[in-house]
Amino acid sequence: MRQGTKKFWGGSSYTGEFLGSQRHGKGTKVWANGNRYEGDWKNDVREGHGVYQTNDGTEYTGEWKRNLRHGHGKIVFQNGDSYEGEWKL
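Treat the numbers as computed from the prediction; the structure is a model and nothing was measured. (Residues numbered from 1 in each chain as written. Predicted model: local features only at pLDDT ≥ 70, side-chain atom pairs only at ≥ 80, totals over all residues. Heavy atoms only, no water.)

So, the pattern of salt bridges
Thinking step 1. Evaluated as defined, the whole model comprises three salt bridges.
Thinking step 2. The shortest N-O distance in the salt bridge between Lys26 and Asp40 comes to 2.6 Å. Placement of the pair is Lys26 in strand β3 (residues 22-30) and Asp40 in strand β4 (residues 36-42), with a sequence separation of 14 residues.
Thinking step 3. In this structure, the salt-bridge partner of Glu38 is Arg36, at a minimum N-O distance of 3.5 Å.
Thinking step 4. A relative accessible area of 44% means that Glu38 is categorised as partly exposed. (Salt bridge = Lys/Arg side-chain N within 4 Å of Asp/Glu carboxyl O. Helix = DSSP H or I, 4+ residues; strand = E, 2+ residues; numbered from the N terminus. Buried < 20%, exposed > 50% of the residue type's maximum accessible area, 1.4 Å probe, protein only.)

Laid out in structure tokens, this is it:
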């Protein structure tokens, strides 16, 4: 694995570990709109544990599978409402 940064069309970027040309391992993606994901990647998708923050203040902390929330996690919305439990694909 190697460390690096990749810039995407549209203004997003990824900094972290790569396996070949794919995001794989620990890394952070920041979208042009300010949304941010920091956590595990596998074969170029979010997979494992990570934190996703949106530009409106919503934050999800938990498990991911195939780029979707899956497993145990907690989401807290900007108004303070929250949900903690199991997520399924």
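Now that the structure has been shown, we can carry on.
Regarding the packing of aromatic side chains
Thinking step 1. Under the definition given, this model contains nine aromatic pairs.
Thinking step 2. An angle of 80° between the planes, with centres 5.4 Å apart, marks the rings of Tyr83 and Trp87 as edge-to-face.
Thinking step 3. An aromatic cluster of three or more residues is present, and its members are Tyr14, Phe18, Trp31, Tyr37, Trp41, Tyr52, Tyr60, Trp64, Tyr83 and Trp87.
Thinking step 4. Above the face of the Tyr52 ring, Arg46 is positioned so that its terminal group lies 5.5 Å from the ring centre. (Phe/Tyr/Trp six-rings, centres within 6.5 Å; stacked < 30°, edge-to-face > 60°. Lys NZ or Arg CZ within 6 Å of the ring centre and 35° of its normal.)

Brief notes about the nonpolar core
As a rule of thumb, soluble globular proteins bury nonpolar side chains together.
Thinking step 1. Counting nine residues, the largest nonpolar core is built from Tyr14, Phe18, Tyr37, Trp41, Tyr52, Tyr60, Trp64, Ile75 and Trp87.
Thinking step 2. Every element with two or more residues in this core is listed here: β2 (13-19), β4 and β6 (59-65).
Thinking step 3. If sequence neighbours within four positions are ignored, Tyr60 has contacts with Gly50, Val51, Tyr52, Arg69, His70, His72, Gly73, Lys74, Ile75 and Trp87. (Core = buried A, V, L, I, M, F, W, Y, C linked by side-chain atoms within 4.5 Å. Contact = heavy atoms within 4.5 Å.)

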